[in-house]
Amino acid sequence: MVESYLGEEFNLTGKNPSDEALKRWRKAVTLVKNHSRRFRHVADLDKRSIHQDRFTKIKENLRVTFLTVRAAMRFMDGGTHPDNHKPKDAKVSDFRNNPDKLASMVQNYDMKTLLSLGGVDGIAKAVEVSIDEGVKSNDFSVRQETYGVNKYTEKPSKSFFMFVWEALHDLTLIILIVCALVSIGVGLATEGWPDGIYDGLGILLSILLVVTVTAVSDYKQSLQFKDLDKEKKKISCHVTRDGGRMKVSIYDLVVGDVVHLSIGDQVPADGIFISGYSLLIDESSLTGESHAVNIDNKKPFLLGGTKVQDGSAKMLVAAVGMRTEWGKLMETLSEEGENETPLQVKLNGVATIIGKIGLGFAVLTFLVLTVRFLIEKALRNEFSSWTSSDAMSMLDYFATAVTIIVVAVPEGLPLAVTLSLAFAMKKLMDDKALVRHLTACETMGSSTCICTDKTGTLTTNHMVVDKIWVSGKTKDVKEPSELSQDLSTTILECIFECTSAEVVKDKDGKTSILGSPTESAILEYGLLLGGDFSTIRGAIKVIKMEPFNSAKKKMSVIVCLPDGQIRAFCKGASEIVLGMCDKIVDVSGEVVSMSDEKAKLITDVIKTFADNALRTLCLAYSDVEDGFNMQKDIPKDSYVLLAVIGIKDPLRPGVKEAVETCSAAGITVRMVTGDNIHTARAIAKECGILTEGGLAIEGPEFRAKTTQEKSILAPRIQVMARSSPTDKLDLVKHLRGLSEVVAVTGDGTNDAPALHESDIGFAMGIAGTEVAKEQADVIVMDDDFATIVKVAKWGRAVYINIQKFVQFQLTVNIVALMINFVSACITGSAPLTAVQLLWVNLIMDTLGALALATEPPNDGLMARPPVKQSESFITKTMWRNILGQSVYQMAILFVLNFAGKTILNLQGPDATAVLNTFIFNTFVFCQVFNEVNSRDMDKINVFRGMFSSWIFIGVTVSTVVFQVIIVEFLGTFASTVPLNWELWLLSIALGSVGMPIAVILKCFPIKPVVHDGYEILSAGPESV
């Protein structure tokens, strides 16, 4: 009903809305009591534009500088004058304890100075570190003092008093403060001290209470966001320290650290290339240039904030924190707020419409009271004589009208969304899900599809080699090895050289493996065969390496063996590597040609492994004759197949149940994996993803289809195997084109486009690269699929909780407006005073939001299909409950207002005061019980889970206790008088009648709308 009056400007897309769309809805919000508070958690577009312009200018200056320096370097390299290559005179001692000089050398790409110092070894000498041993732990604090910490200057967070100051910016509260001060001034002049100050002081104390509670709520909310922001910025990297490799936070890096870089990493500081293979750096974050840069010994400078697009390397840190270009760049950015969510925008529109209605009622109330007052004066022939008492009456009328605006403008509606989302994000962080964007938590409540990876998400990612096929035989790894010495040596060389992982020992001599789970499993198998990682690596020289990536699905390396033989090793996806082989090691250990029959036999072995849910990889080698030219690629054919490895990666506990939960909730789970289709099918069946009638397809097959065919196939696909990142992106686009709300998981650098394209992107916290995390909306800290389901559950809880709060607040709005307006029209006075209305506003706004918008989810939320994003937020069920409760409350209050003295047999001079206090008390208890009713909009049992929600219990008890204090002890300020126990019981009884009325209302079900095969819930997703 209300939403039907909202314009198109309030329909915001869930992800990446344009600035024009954001500006349109802001202009449409015309009635705001407190601009700074209402828009605190939305993007400040003006500041964003200013900072973005500054950011762009700095990036452009950096781009020009870098291009100029590189052009100069190319010019000098191509020159014929010998002086061009003569290094500058530079001493190692000049750079010792001189962080500015080190930083300047890196940022200016000063190769001449670097060469004059003896290259990276000279810099290591200058910063007093061994490249092999790394920084010593006991030097850590000294290095931070000398060279600085790896942090950039951030804007200080707001203090509690800043939130108090913001809360005081409410225009209606400012007007009431002025009214209160005038009231005190007039009161002192007419009634003297202290009687003359009570009315005004009562308003001031009420305002103080409202401001304090609001500021406390907002401050705690800001602390939650601050904690979440800290979690977002946690980035780790691998370094060599004390002679061993370890994982540390990038904020703990110091100059002299030796950092290990691999695909998808963010370069954590400025540094110098030590060694590595095929290192390709994306500098677009600094310069805006889309072309990646090759980094090697000739171009060794690495800048913080850039990304590793391909390859691997070791880097010596030369500058940290504010001495890096990235640090200076980040300092220019301030917190301009996050883009608002669709629900926030919609509720801002609803608040505007309701606020305008409330403003109209407030003006009418003031006019009616004023006109009646003037007519009465005229009838008494007192129109020409005005007293201070008359001025006080007019002031009271004005204060009442302003307070009606305070109550009527539901400022808390959009803020309740932020409160609920902040609470959900904090709880999800405890559940190992870090929500990076508010919109994601809200959107996940409407998700209809999850495209998930297999490895590490559905499975444990604790991989072990289970079976191996070698020399024509399939063996269990637990069986003793019967391989010949030569074959065993070749396999170990392939395992230990063709890897990006490392075997390290800690101080106690304990061996551990650092690397991806797949790499670790293979290295562990190599150690099980009796191989010595350090000995083999030390004896063989690596010439060139091509690290694994998801596009090639293989890793290759060229090495020089101790006897001088040049050999290529290859490891990767079984069918890819098998296709590169034309020879095989037979049963006798001899290298023989691979016939079609043998190729089919190996294919059958791979299928058997895959059918048993084993991940398959092949190892192969090729001897290179006549040397190897570094300018050439590593051979892509003529390999000898060494072995087929079957890696076991068991399902995570609870995955099957989580998939079943998704199915019951109307969420389709699709597995998108790079694994063999047979392995993918086996795992998908095991966890319940692949069902009867479901389609399992390979990425290349899907890729070859036409656009129309893809759109027909996409809804049926349950498994996509051997998929590339492009296939995943294509699938996401087609599903979204079919009006699906798509969640996508990803961990690799190449998953970034799909994560960005999806409605909700999930990056893996353990296996995920920094590039993937940067594009994600949610980071799954434990890489567990069950955690994604928790996010969906909380997303639905947020939606339902806001609906509960809106239902509760609109009921209070309607009753408070009508009771004061009608009473003003008929009796010439409003039964609820300014102080009482301020207390009611606190109950329905801040306290109501705390109680209802922070309720935890229950299992029933995942028992129904998701609500379509296009559905009306304020549903027919909600209107049934709002109008039913409003009619009851107004009937009771009107009867009491007009016939209360007779019904309650109130007599004496204080009868009116007792009646008004009783009306106020009954009204408050109606809201207390209606708050309990609002816990569930459809079901009769509203007490389920109530006593486990300590915030709800705390708010309810606090409301009741403070109501007793107001009535019994603060009458002088709140215009109340103490009530006897009979009237107290009657107030509570009348309030509690709202509960059986709610039961009766719920016996009149609202017919659900059938839409596109889904049954849309009138009250949200919950139906139990």
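Residues numbered from 1 in each chain as written. Predicted model: local features only at pLDDT ≥ 70, side-chain atom pairs only at ≥ 80, totals over all residues. Heavy atoms only, no water.

Chemist: Explain a nonpolar patch on the surface to me, please; I cannot follow it from the model alone.
Modeler: Residues L359, V363, L364 and L367 make up a contiguous nonpolar surface patch of about 310 Å² in total accessible area. With respect to the element layout, L367 can be found in helix α14 (residues 342–379). (Patch = residues over 30% accessible without salt bridge, like charges linked within 9 Å, V, L, I, M, F, W, Y side chains within 5 Å. Areas by Shrake-Rupley, 256 points an atom, 1.4 Å probe, with all protein chains shown as cover. Salt bridge = Lys/Arg side-chain N within 4 Å of Asp/Glu carboxyl O. Helix = DSSP H or I, 4+ residues; strand = E, 2+ residues; numbered from the N terminus.)

Chemist: How should I be thinking about the environment of M890 in this particular structure?
Modeler: Its place among the elements puts M890 in helix α32 (residues 876–904). Judged by its relative accessible area of 15%, M890 falls in the buried class. Separated by 71 residues in sequence, M890 and I819 have C-alpha atoms that sit 6.7 Å apart. Setting aside its immediate chain neighbours within four residues, M890 contacts I814, V815 and M818. (Buried < 20%, exposed > 50% of the residue type's maximum accessible area, 1.4 Å probe, protein only. Contact = heavy atoms within 4.5 Å.)

Chemist: Is there a simple way to think about the packing of aromatic side chains in this case?
Modeler: Given two aromatic rings, their pairing is described by the distance between the two centres and the angle made by the two planes. By the definition in use, this model includes 10 aromatic pairs. Centroid distance F163 to Y219: 5.8 Å. Interplanar angle 65 degrees. Geometry classified as edge-to-face. Taken as a pair, F163 in helix α9 (residues 160–167) and Y219 in helix α11 (residues 198–232) lie far apart in primary sequence, 56 residues in all. Exposure remark for F163: the relative accessible area of 2% places this residue in the buried category. Ring plane angle 80 degrees and centroid distance 5.3 Å describe the contact between Y799 and F873, whose orientation is recorded as edge-to-face. Highlighted residues: Y799 in helix α30 (residues 785–827) and F873 in the loop between α31 (834–852) and α32, separated in sequence by 74 residues. Judged by relative accessible area, F873 falls into the buried class, the value being 1%. (Phe/Tyr/Trp six-rings, centres within 6.5 Å; stacked < 30°, edge-to-face > 60°.)

Chemist: Is there a simple way to think about the pairing of strand β7 (residues 307–319) in this case?
Modeler: On a regular strand, one side chain projects to one face of the sheet and the next to the other, so that they alternate. Within β7, 11 of the 13 residues are buried, which leaves the element mostly enclosed by the surrounding structure. As paired elements, strand β4 (residues 270–282) and β7 share 10 bridges and run antiparallel to each other. Across the sheet, residue F273 finds its bridge partner in β7, namely M315. (Pairing = 2+ DSSP bridges.)

Chemist: I keep staring at helix α19 (residues 517–528) and nothing clicks. Help me out?
Modeler: Residues separated by three or four positions in an α-helix point in the same direction, a consequence of the helix having 3.6 residues per turn. The terminal C-alpha atoms of α19, which comprises 12 residues, lie 16 Å apart, in line with the 16 Å expected from a rise of 1.5 Å per residue. Buried within α19 we find T518, E519, S520, A521, I522, L523, Y525 and G526. Count one or two residues on from α19 and you reach G530, which has phi positive near 100 degrees. (Expected span 1.5 Å × (residues − 1).)

Honestly, it's all geometry; don't read function into it.
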